[in-house]
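# Secondary and tertiary structure notes
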Amino acid sequence: MSQLRCRLFAIGLLAALPATPMAADQATAPVAGDAREGARVARRVGCDGCHGAGGSGKVFMEDTQQGRIVAPNLTQRRTLYPDRASLAALLHEGRTHDGHAPWGMPIQSFQHLSQREVRDLDAWLRALPAVENTALPPGQWSAELTKLISDGTHPWLADLKPTPGNTPPQAPPIEPLALGRHLALTTCSECHGWDLDGFGDPGAPPPLAIAKAYTDEQFARLMRTGEVLSGGKSASGLMSGVAAYRFNAMTDAEIQALKDYLDSR
């Protein structure tokens, strides 16, 4: 019997079986997320890079211009986002629990996360062991930063909002080029620009057309170890550090899909 006939036979057999009543709570219960896969996604998109190991929180940046920007302790802040819908609203729309600007969160990247990835991130977040981290200092925005955010003139504010009309996919694409684009938007655009063409400033991350100069093997090494084409670390050290910590969580197939997409642009 051919595979097609086997499948048709199986479908017909299942259709002939009497329906089993489904309890109301089973019919409406949300699909459970995968905490282990959520940890992998969190590593790839930088959740525990900014919020520290185990989501315990850390000082994200501190300078005279912006003040002290603290990525909070996720094991404490998760109570403010008690369900998946509230977490999805934060990641996809930049809607915080009290309406404050999610400063430092690349919503322009996170808006592309699929519903399944958010589901897995939610499972990861709920499964994190509680951490006290009493050494974490409070955040302290500078007066200038507070003013620019309040009056809506800070140039980074656009990064904290989704693109109007954006609809996140239900799951990451399967087709390699589509998967590569999804990975580029959710993983690379934070540093290399929302159009992946860089920001044009000296010393800034370059346009991702640079990936075409790498062979598949060299690109995989870059993504796993941070070693650039010329050998050693990137000029600023940023890509090398991020790759070795975050992108090492990507599978071989994901890295190849990303390379194929960047080569196709």
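This text goes with the structure placed above it.
Residues numbered from 1 in each chain as written. Predicted model: local features only at pLDDT ≥ 70, side-chain atom pairs only at ≥ 80, totals over all residues. Heavy atoms only, no water.

## Quick look at the overall build of the protein chain
If you tally the helices and strands in the protein chain, you get 13 helices and three strands. Burial analysis of the protein chain (265 residues in total) assigns 38% to the buried set. Within the protein chain, residue pairs in contact and separated by at least 24 positions form 67% of the contacts whose partners lie at least 6 positions apart. Summed over all atoms, the accessible surface of the protein chain reaches about 14,900 Å², with 59% contributed by carbon and sulfur. (Helix = DSSP H or I, 4+ residues; strand = E, 2+ residues; numbered from the N terminus. Buried < 20%, exposed > 50% of the residue type's maximum accessible area, 1.4 Å probe, protein only. Contact = heavy atoms within 4.5 Å. Areas by Shrake-Rupley, 256 points an atom, 1.4 Å probe, with all protein chains shown as cover.)

## Points about the pairing of strand β2 (residues 67-71)
Along β2, five of the five residues are buried, which leaves the element largely enclosed by surrounding structure. In terms of strand pairing, strand β1 (residues 58-63) meets β2 through five bridges, oriented antiparallel. What sits directly across from D63, in β2, is G67. The turn linking β1 back onto β2 is made up of three residues. Note: β2 against strand β3 (residues 140-141), two bridges, orientation antiparallel. In the sheet register, R68 faces β3, and the bridge partner there is Q140. (Pairing = 2+ DSSP bridges.)

## Describing the environment of A209
On the secondary structure map, A209 appears in the loop between α10 (176-192) and α11 (216-225). Considering only alpha carbons, one finds A209 and G198, 11 residues apart in sequence, at a separation of 9.5 Å.

## Considering the nonpolar core
Within the largest apolar cluster, 21 residues are counted, with the highest numbers of intra-cluster contacts made by L196, F219, M223, F247, M250, L258 and L262. Contributions of two or more residues to this core are made by α10, α11, α12 (238-245) and α13 (252-264). Tallying contributions element by element places α13 first for this core, with five residues. Excluding its chain neighbours within four sequence positions, the residues that come into contact with L258 are G180, L183, A184, C188, F219, M223 and M250. (Core = buried A, V, L, I, M, F, W, Y, C linked by side-chain atoms within 4.5 Å.)

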